[in-house]
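This is what each chain is made of:
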Amino acid sequence: AQKITQTQPGMFVQEKEAVTLDCTYDTSDQSYGLFWYKQPSSGEMIFLIYQGSYDEQNATEGRYSLNFQKARKSANLVISASQLGDSAMYFCAMREMDSSYKLIFGSGTRLLVRP
Amino acid sequence: SAVISQKPSRDICQRGTSLTIQCQVDSQVTMMFWYRQQPGQSLTLIATANQGSEATYESGFVIDKFPISRPNLTFSTLTVSNMSPEDSSIYLCSVENNEQFFGPGTRLTVL
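Keep in mind that this is a model prediction, so the values were computed, not measured. (Residues numbered from 1 in each chain as written. Chains lettered and ligands numbered in written order. Predicted model: local features only at pLDDT ≥ 70, side-chain atom pairs only at ≥ 80, totals over all residues. Heavy atoms only, no water.)

(A) Summary view of the state of the cysteines. Under the criterion given, the structure shown has two disulfides over all chains. Disulfide partner of Cys-23 of chain A: Cys-92 of chain A, at an S-S distance of 2.0 Å. Looking down the S-S bond of the Cys-23 of chain A and Cys-92 of chain A bridge, the torsion is -65 degrees, so its handedness is left-handed. Residue Cys-23 of chain A is located in the loop between strand E3 (19–21) and strand E4 (24–26), and its partner Cys-92 of chain A is located in strand E10 (residues 88–96); the two are separated by 69 residues in the primary sequence. The exposure classification of Cys-23 of chain A matches that of Cys-92 of chain A, with both residues buried. Cys-13 of chain B forms no disulfide, and the closest cysteine sulfur to it belongs to Cys-93 of chain B, at a distance of 17 Å. A residue is classified by how much of its surface remains accessible, and Cys-13 of chain B, at 9% relative accessible area, is buried. (Disulfide = S-S within 2.5 Å. Helix = DSSP H or I, 4+ residues; strand = E, 2+ residues; numbered from the N terminus. Buried < 20%, exposed > 50% of the residue type's maximum accessible area, 1.4 Å probe, protein only.)

The following block contains the structure:
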């Protein structure tokens, strides 16, 4: 069965520094996708970045990059040059590429950016 | 990406009543989903809303409690029936459009 693990319930980072949020996954499928979402206190889920299991290069979107290590089944999110507005919950999620397209979410990491 | 709206954005309801949440997308999408996020928890999939057929429910969720409609490719509703305080959650719809995008959520409090 699919499983997503986020081992960091909370993280602190100093403004302008980089931070890595951990995510490991477990699946027996060869084809899958990995997502990161940001959830501010308003409750909306903001899509940040996506990595497909067959993508050879790590995904990047602006200040976000995904450190994808397939053999270790990890998909860590790196946020560079942290900003105060980055303070939020961050969720890692996985989708198996069958017909269902449903997402399985990790428990989340709360990031607090210090000024 | 897709622009997704939900109504209502929040509501406070009495136990035993029902609430219908609407989800509208700005483009036609094949797959729409409904998730629940209980306080302090992660997201859990309730069901996949299928256009023209019954929704596909996940384990632990039943149609009598969470009836879903999907009349066309841009719209879906989720009803939370016979509510109890345990139903207090954020309910989010999402659509599959290469990536998966979420609506702003409906924050429900049941007294």
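(B) Spatial organisation of the interface of chain B and chain A. Taken together, the contact between chain B and chain A spans 20 residues of the former and 20 residues of the latter. Between chain B and chain A, a total of about 1,400 Å² is buried, with carbon and sulfur atoms accounting for 56% of that surface. Counting the contacts that link chain B with chain A gives two salt bridges. A salt bridge links Glu-96 of chain B to Arg-95 of chain A, with the nearest nitrogen and oxygen atoms 2.4 Å apart. Viewed at the interface, chain A and chain B are joined by nine residue pairs in polar contact (both at pLDDT 80 or more). (Contact = heavy atoms within 4.5 Å. Buried area = accessible area lost by both parts, 1.4 Å probe. Salt bridge = Lys/Arg side-chain N within 4 Å of Asp/Glu carboxyl O. Polar contact = N/O pair within 3.5 Å; in protein donor to acceptor, adjacent residues only side chain to side chain.)

(C) Quick look at the side chain of Gln-37 of chain B. Tracing the backbone shows Gln-37 of chain B in strand E4 (residues 32–37). Only 3.0 Å separates the side chain of Gln-37 of chain B from the backbone oxygen of Gln-41 of chain B, close enough to count as a polar contact. If we skip the residues at most four places from it in the chain, Gln-37 of chain B touches Gln-39 and Phe-91 of chain A together with Ser-42, Leu-43, Ser-89, Ile-90 and Leu-92 of chain B.

(D) Representation of the pattern of salt bridges within the structure. All names here are of chain A. Summed over the entire model, instances satisfying the criterion amount to five salt bridges over all chains. A salt bridge links Lys-73 to Asp-26; the shortest N-O distance between them is 3.6 Å. Of the two residues, Lys-73 is situated in the loop between strand E8 (64–69) and strand E9 (74–79) and Asp-26 in strand E4; the sequence distance between them amounts to 47 residues. Classification of Asp-26 as partly exposed rests on a relative accessible area of 40%.

(E) A look at the pairing of strand E12 (residues 109–114) of chain A. Residues and elements named next belong to chain A. Burial along E12 is one-sided: Thr-109, Leu-111 and Val-113 are buried, while Arg-110, Leu-112 and Arg-114, pointing the other way, are not. Pairing of E10 with E12, which is carried by three bridges, proceeds in the antiparallel orientation. In the strand pairing of E12, Ala-88 is matched with Leu-111. (Pairing = 2+ DSSP bridges.)

(F) Region of the structure containing the sheet that holds strand E8 (residues 75–80) of chain B. All names here are of chain B. The four strands are arranged E1-E3-E8-E7 in an open sheet whose pairing can be described as antiparallel. The open sheet has two edge strands with one neighbour each: strand E1 (4–7) and strand E7 (68–72). For this sheet the average axis-to-axis angle between neighbouring strands, irrespective of direction, equals 15 degrees. In this structure, E7 lies alongside E8, joined through three bridges in antiparallel fashion. (Axes fitted to C-alpha atoms, helices over the stretch in contact; angles between N-to-C directions.)

(G) Quick look at unusual backbone geometry. Going from Lys-7 of chain B to Pro-8 of chain B, the amide bond is cis rather than trans, its omega being -10 degrees. Phi at Lys-73 of chain A is positive, roughly 55 degrees, even though this residue is not glycine. A positive phi angle is found at Asn-82 of chain B, which is not glycine, with a value near 45 degrees. For Asn-82 of chain B, the location among the structural elements is in the loop between E8 and strand E9 (89–97).

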